[in-house]
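Below are the chains, spelled out letter by letter.
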Amino acid sequence: MLLADILFLPEEAAHDAEIEEINAEAFGPGRFARAAYRIREGGPHERALSFIAMHDGHVVASVRLTRVAAGEGLGLLLGPLAVRPSYKNQGIGKKLVRIALEAARKAGWGVVVLVGDEPYYGPLGFSRIPLGQITMPRPVDPNRLLAVELEEGALSRMCGMMVHAGASAPVVA
Ligand SMILES: CC(C)(COP(=O)(O)OP(=O)(O)OC[C@H]1O[C@@H](n2cnc3c(N)ncnc32)[C@H](O)[C@@H]1OP(=O)(O)O)[C@@H](O)C(=O)NCCC(=O)NCCS
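Described in the following lines is the structure provided in the data block. (Residues numbered from 1 in each chain as written. Predicted model: local features only at pLDDT ≥ 70, side-chain atom pairs only at ≥ 80, totals over all residues.)

1. Digging into the overall build of the chain
Keep this limit in mind: Secondary structure elements follow DSSP: runs of H or I no shorter than four residues count as helices, runs of E no shorter than two count as strands, and numbering proceeds from the N terminus. Only the C-alpha atoms count toward the radius of gyration. The rule for a globule is 2.2 Å times the residue count to the power 0.38. Note on burial: count the other C-beta atoms lying within 10 Å of the residue's C-beta; 20 or more is buried, 12 or fewer is exposed, in between is partly exposed, and C-beta positions come from the backbone.
Helix and strand counts for the chain come out as four helices and nine strands. Walking the chain from its N terminus toward its C terminus, one meets helices and strands in the order β-α-α-β-β-β-α-β-α-β-β-β-β. A globule of 173 residues ought to have a C-alpha radius of gyration of about 16 Å, and the chain, at 15 Å, matches this closely. Judged by the C-alpha coordinates and their principal axes, the chain covers about 45 × 30 × 25 Å. A total of 173 residues make up the chain; the buried ones form 36% of that total.

2. Description of the environment of G71
Put simply, the test is: Contact definition: two residues whose C-beta atoms, as placed from backbone geometry, lie within 7 Å.
Within the secondary structure, G71 is located in strand β3 (residues 58-71). Owing to 13 C-beta atoms within 10 Å, G71 belongs among the partly exposed residues under this scheme. For G71, the residues in contact, after removing those within four places along its chain, are M158, C159 and G160.

3. A look at unusual backbone geometry
Between G79 and the following residue, P80, the backbone shows a cis peptide bond with an omega angle of -5°. Locating P80 in the fold gives a position in strand β4 (residues 73-83). One non-glycine residue with positive phi stands out, namely D56, at about 50°. Along the chain, D56 falls in the loop between β2 (51-55) and β3. Owing to 9 C-beta atoms within 10 Å, D56 belongs among the exposed residues under this scheme. In the Ramachandran plot, N89 falls in the positive-phi region, its phi being about 60° despite a non-glycine side chain. Mapping N89 onto the fold places it in the loop between β4 and α3 (92-106).

4. Focus: the site of the ligand
Using the following cut-off: Any residue whose C-beta atom, as placed from the backbone, lies within 6 Å of a molecule or strand is termed near it. Note that Gly is not counted as nonpolar here; it falls among the polar residues with everything else outside the nonpolar set of Ala, Val, Leu, Ile, Met, Phe, Trp, Tyr, Cys and Pro and the charged set of Asp, Glu, Lys and Arg.
Surrounding the ligand, one finds 16 residues, the nearest of these being K88, G93, K94, G116 and P119. Secondary structure elements with two or more residues in the shell around the ligand: β4, α3 and α4 (118-121). A per-element tally of the shell around the ligand places β4 first, with four residues. Along the lines of polarity and charge, the residues of the shell around the ligand split into seven nonpolar, six polar and three charged.

Right, dumping it as structure tokens:
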């Protein structure tokens, strides 16, 4: 399999079942307890800013972006990002992240945040959010709270508890 054989496409509702399978396989039942999942429960993801990788008519990887708020600041939460085990280490995950970031930038978003491994996301432009600036509804390792600014200063407007931007009230853990 070559990266050239993979189609990168905007996510559609028809992909939902396969995406759910991929996320279940990648993260297991523990995914429901994660801080980012708790935020995503607050409302829908941004379908237009979420992407899949397809091979032979099947979804093999997915990345989603969700609209979030913290204090005065708005941003996008990246995740879940997951790749089918037999498709790992071929550049699919990083390409999906780059496509999603470019779509977010074109749509006028200023910052994308996530909970993840800095060694993986650092080369994609992400770095640690200053300690204590953003609080999550469940405990996270602060070293894994990362952001990339698409517009200078956008991260500094985000502070305090991160919630789904569609949620009318702060998320209570
Ligand atoms: C993490 C994940 C999305 C990476 O996708 P992928 O398509 O295999 O990754 P890519 O091919 O783009 O990149 C592979 C490179 O990243 C490295 N890498 C993979 N996971 C890593 C991690 N957690 N930390 C640091 N580096 C990592 C690989 O070793 C490889 O390095 P190399 O290029 O030097 O060989 C995929 O392994 C996956 O679905 N994992 C389970 C779910 C998960 O952990 N998602 C991320 C949640 S934040």
